Amino acid sequence: GDLVVAVEGQALGSLARSLFAPASSRPALQVGQILTYTVVREGRTLDVPVTLRRFPLAANLAYAWGIVAFALAFLAVAMFVFANRPADLGARTMLLTSAGVAANALGSIGLEVSDLVGRGVSFWLFPATNVGAYLLFWSAAVHFALVFPRPQPALRRHLWIVPLLYVAPFAAQAVYVAALWASASSTLERI
């Protein structure tokens, strides 16, 4: 129930803004390092020492085991199909769809406050896998539906449909992010 408002005396908003400033210096965090989190707990502001630990991968995988198992099974089946029919458009789009599911499932199992403080790599991996892979999954899934078991006649007549399937979701996301960016009052809210 704690609301984290600062880490090491830096407000979360300031940490969020520095993610967009590549030249800003950011600490290299290490397991065992102690950071002071300023939190609001039951209306009171407290400084809480937090010892950095390894990312709780096992606990997060246990929590999300269903989607992770599905994603890995789907990827294994798609790899088998692709290995046996690499020239088949359905096999290629199935592999791309399963890769999007796997990247999204594995990439979205956690983002922590310390990701705002450190070098920012894990922060940027989160939207890349959580949003980018998710959009790729849906584009490839629609493409798969249009080519399996045989390509739809409309695809042969209108070749521009396939690139549109992949570009449109990313363009829509860019418009959404631009609108959100303009209407949000702070960088932290935008994130």
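Above this text you will find the structure in question.
The written sequence of each chain sets the order in which its residues are numbered from 1. Only residues with pLDDT of 70 or above have their local features reported here, since the model is predicted, and side-chain atom pairs are shown and tallied only from 80 upward, although totals for entire chains, interfaces and linings are computed over all residues. Excluding hydrogens and water, the side-chain figures rest on all heavy atoms present in the structure.

Trainee: Sorry, what's going on with helix H8 (residues 161-183) here?
Mentor: For an α-helix the count is 3.6 residues per turn, leaving residues at separations of three or four pointing the same way. Numbering of helices and strands starts at the N terminus; helices are DSSP runs of H or I of at least 4 residues and strands are runs of E of at least 2. A helix's residues, less one, multiplied by 1.5 Å, set its expected span. With 23 residues, H8 extends 32 Å from end C-alpha to end C-alpha; this agrees with the ideal 33 Å at 1.5 Å per step. Exposure classes here rest on a 1.4 Å probe applied to the protein chains alone. A residue is buried below 20% of its type maximum, exposed above 50%, and partly exposed in between. Turning to H8, its buried residues number three or more, namely Ile 161, Leu 165 and Tyr 166. Lining the buried residues of H8 we find helix H4 (89-107), helix H6 (121-147) and helix H7 (153-157). We call two residues contacting when some pair of their heavy atoms lies within 4.5 Å.

Trainee: How should I be thinking about the sheet that holds strand S3 (residues 34-41) in this particular structure?
Mentor: Within a sheet, adjacent strands bond to each other through the backbone by hydrogen bonds, running parallel or antiparallel. An order of S2-S1-S3-S4 is seen for the 4 strands of this open sheet, with the pairing classed as antiparallel. At either margin of the open sheet sits one strand with a lone partner, and together these are strand S2 (10-11) and strand S4 (44-51). Strands pair, by our definition, only if DSSP identifies at least two bridges between them. By the bridge criterion, 8 bridges tie S3 to S4 in an arrangement that is antiparallel. Opposite Ile 34, over in S4, you have Thr 51 as the bridge partner.

Trainee: It is not clear to me how the environment of Leu 146 should be interpreted in this structure. Could you clarify?
Mentor: Looking at the secondary structure, you find Leu 146 in helix H6. Leu 146 has contacts with Pro 151, Gln 152, Leu 155 and Leu 165, leaving out every residue within four places of it along the chain.

Trainee: What is the right way to look at the pairing of S3 in this model?
Mentor: For a regular strand, side-chain orientation follows a simple rule: the groups alternate between the two sheet faces. Two strands pair when backbone bridges link them, and strand S1 (residues 3-7) and S3 are joined in this way by 4 bridges, in the antiparallel orientation. By the bridge assignment for S3, Val 4 is matched with Val 39. Connecting S3 to the next strand, S4, in antiparallel fashion are 2 residues, including Glu 42 with a positive phi near 50 degrees.

Trainee: Could you clarify how one ought to interpret the packing of H4 against H6 in this entry?
Mentor: Contact geometry for H4 and H6: axes closest at 7 Å, N-to-C directions at 155 degrees. By the angle class used here, H4 and H6 are roughly antiparallel. In this structure, H4 meets H6 at a crossing whose hand is left-handed. Along the contact surface, H4 presents Leu 89, Gly 90, Thr 93, Met 94, Leu 96, Thr 97, Gly 100, Val 101, Ala 103, Asn 104 and Gly 107, while H6 presents Phe 126, Thr 129, Asn 130, Ala 133, Tyr 134, Leu 136, Phe 137, Ala 140, Ala 141, His 143, Phe 144 and Val 147. Amino acids outside the nonpolar list (Ala, Val, Leu, Ile, Met, Phe, Trp, Tyr, Cys, Pro) and the charged list (Asp, Glu, Lys, Arg) are all regarded as polar, and Gly is one of them. For the contact of H4 with H6, the per-class residue count stands at 14 nonpolar, 9 polar and no charged. The convention used is that axes are lines fitted to C-alpha atoms, helices contributing only their stretch in contact, and that angles between N-to-C directions extend from 0 to 180 degrees. In this scheme, roughly parallel covers angles under 35 degrees and roughly antiparallel covers those over 145, while 65 to 115 is roughly perpendicular and the rest are oblique. Put simply, a crossing is left-handed when the front helix is turned counterclockwise from the back one by less than a right angle, and right-handed when it is turned clockwise.

Trainee: I keep staring at the environment of Ala 69 and nothing clicks. Help me out?
Mentor: Among the secondary structure elements, Ala 69 is positioned in helix H3 (residues 65-84). Relative accessible area serves as the criterion here: at 39%, Ala 69 is assigned to the partly exposed category. Along the sequence, Ala 69 and Phe 148 sit 79 residues apart, while their C-alpha atoms lie 24 Å from each other.

Trainee: In this structure, what is going on with the pattern of salt bridges? I would like to understand it.
Mentor: Here the idea is simple: oppositely charged side chains can pair when their charged atoms come close. For salt bridges, the criterion is a side-chain nitrogen of Lys or Arg within 4 Å of an Asp or Glu carboxyl oxygen. Evaluated as defined, the whole model comprises 1 salt bridge. Across the pair Asp 2 and Arg 41 runs a salt bridge, and its minimum N-O distance is 2.7 Å. Residue Asp 2 is found in the segment before S1, and its partner Arg 41 is found in strand S3; the two are separated by 39 residues along the sequence. Judged by relative accessible area, which is 37%, Asp 2 ranks as partly exposed.

Trainee: What's the story with the pairing of S1 in this structure? I'm lost.
Mentor: Here S1 runs beside S2; their pairing, made up of 2 bridges, is antiparallel. Counted as the bridge partner of Val 7 is Gln 10 from S2. Joining the antiparallel neighbours S1 and S2 is a turn of 2 residues, in which Glu 8 adopts a positive phi near 55 degrees.

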